[in-house]
Amino acid sequence: MTQIAFIGLGNMGGPMAANLVKAGHQVAGFDLSEAVLKATAEIGVKPCGTLSEAVQSAQCVITMLPKGAHVLSVWRDLVAAVPAGTLLIDCSTVDIDSARGAHDLAEQAGCLSLDAPVSGGTGGASAGTLTFMAGGIEAAFAAAEPFLASMGARIVHCGGAGAGQAAKICNNMILGISMIGVCEAFALGEKLGLSHQALFDVASTSSGQCWSINTYCPVPGPVPTSPANNGYKPGFAAALMLKDLLLAQEAALASGASTPLGAEAAQLYGLFEKQGNAGRDFSAIIEMLRGTSVS
Ligand code: NAD
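Residues numbered from 1 in each chain as written. Predicted model: local features only at pLDDT ≥ 70, side-chain atom pairs only at ≥ 80, totals over all residues. Heavy atoms only, no water.

Draft legend 1. Just the site of the ligand, in detail. Near the ligand, the surroundings consist of 23 residues, among which Asn11, Met12, Asp31, Leu65 and Lys243 are the closest. A distance of 2.9 Å is found between an oxygen atom of the ligand and a backbone nitrogen or oxygen belonging to Asn11. Contact between the ligand and Met12: an oxygen atom at 2.8 Å from a main-chain N or O atom of the residue. Out of a free accessible area of 840 Å², the ligand has 84% covered by protein chains. Those elements that provide at least two residues to the shell around the ligand are helix H6 (121-127) and helix H11 (238-255). (Near = heavy atom within 4 Å. Polar contact = N/O pair within 3.5 Å; in protein donor to acceptor, adjacent residues only side chain to side chain. Areas by Shrake-Rupley, 256 points an atom, 1.4 Å probe, with all protein chains shown as cover. Helix = DSSP H or I, 4+ residues; strand = E, 2+ residues; numbered from the N terminus.)

Draft legend 2. Focus on the nonpolar core. Counting residues in hydrophobic clusters, the biggest one holds 36 residues, and the most contacted among them are Phe186, Met241, Leu245, Tyr269, Phe272, Phe282 and Ile285. Taken together, the elements giving at least two residues each to this core come down to helix H8 (163-191), helix H9 (196-203), H11, helix H12 (260-277) and helix H13 (285-290). In terms of residue count, the dominant contributor to this core is H8 (8 residues). Setting aside anything within four residues of it in sequence, one finds Met241 in contact with Asn172, Leu175, Gly176, Phe236, Tyr269 and Phe282. In terms of nonpolar packing, the next biggest core, distinct from the first, is built from 29 residues, Ile62, Ile89, Leu114 and Ala116 among them. (Core = buried A, V, L, I, M, F, W, Y, C linked by side-chain atoms within 4.5 Å. Buried < 20%, exposed > 50% of the residue type's maximum accessible area, 1.4 Å probe, protein only. Contact = heavy atoms within 4.5 Å.)

Draft legend 3. Quick look at the state of the cysteines. Scanning the entire structure with this criterion turns up 0 disulfides. Free cysteine Cys91: the closest other cysteine sulfur is in Cys60, separated by 8.8 Å. Taking relative accessible area as the criterion, Cys91 reaches 0% and is therefore assigned buried. No disulfide involves Cys111; its sulfur sits 11 Å from the nearest other cysteine sulfur, which is in Cys60. By relative accessible area, Cys111 is classed as buried at 8%. (Disulfide = S-S within 2.5 Å.)

Draft legend 4. Focus on helix H1 (residues 13-22). Most of H1 sits inside the fold, with 8 of its 10 residues counted as buried. Residues of H1 that are buried: Gly13, Gly14, Pro15, Met16, Ala17, Ala18, Asn19 and Leu20. Phi for Gly24, located one or two positions after H1, is positive at around 100 degrees.

Draft legend 5. Seen up close, the packing of H8 against H12. Interaxial distance between H8 and H12 falls to 9 Å at its minimum, and their mutual angle equals 70 degrees. On the basis of their axis angle, the class for H8 and H12 is roughly perpendicular. Taken as a pair, H8 and H12 cross one another with a handedness that is left-handed. Facing H8, whose interface residues are Met173, Gly176, Ile177, Met179 and Ile180, H12 presents Leu261, Gly262, Ala265, Leu268 and Tyr269. The residue inventory of the contact of H8 with H12, partitioned by class, reads 8 nonpolar, 2 polar and no charged. (Axes fitted to C-alpha atoms, helices over the stretch in contact; angles between N-to-C directions. Parallel < 35°, antiparallel > 145°, perpendicular 65-115°, else oblique. Left-handed = near helix turned anticlockwise from the far one by under 90°. Nonpolar A, V, L, I, M, F, W, Y, C, P; charged D, E, K, R; others polar.)

So this is what it looks like as structure tokens:
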């Protein structure tokens, strides 16, 4: 049993902390939202009124926050509040510079640190089946692995500081581009008189196969668990997809990589968000591509 502090107990952090409790750890939590804190108390997390109360006697601190600025601000307070040697893990999806900045803060305080963003969404967070993409030194990865294993099914050490965030934005750029491609194919198939099932049966077993069609098909019917069967309730909200595509564009600009399809995907999701679809599942972009967006 380890004493763990969990900071940021929202849609992802809450169920992740609950899985640490189920694995037998003592978890103290802090969140700016009182309603969120209250909800996590019900699943065995000790609610704390301040960050310093939550991290008191914690051997490991995990953050799951909206953006890089939140992570840097929390980590600045964190490194002042914990003893050297404490393991600090950030599971948020943030820009690579912020991730490296957080590692620098930890190093200056003599703490071990890991950036470990996740894939798998709120369903994976609840089921404990997340994929973790980790960046940091080997010693930090080895120390963090047992905790990550309580919250996920697959843990990949991608390299040094920031490598987890790099893998995350590359993966999600593939996802954004592939979802748009799959939606375009279904919209074209509809115009050509192809049934959804016929296109799915061919493409999901041919060279068109990918996660966006095989697991998350953007039309109702072929994959009963996809959000298309549930009014495009997320799932993975379009706003989060746009966030990740913009992080990929920021990284491409900074590194000199050429990502023209990633740029186009960011533009399309930006437009989709402006049409009032931020909170809908990202696969609902098929409606905009058909020219039938209803929101
Ligand atoms: P969320 O908004 O539900 O949760 C974030 C929580 O952080 C909120 O409860 C908020 O009150 C809290 N918070 C903000 N600033 C704080 C501070 N200074 N101190 C303490 N608490 C603070 O967001 P989420 O959906 O849980 O996402 C968290 C992170 O996970 C994001 O970086 C997101 O991109 C990433 N992510 C989300 C999903 C998903 O499907 N939701 C999937 C993969 C990755």
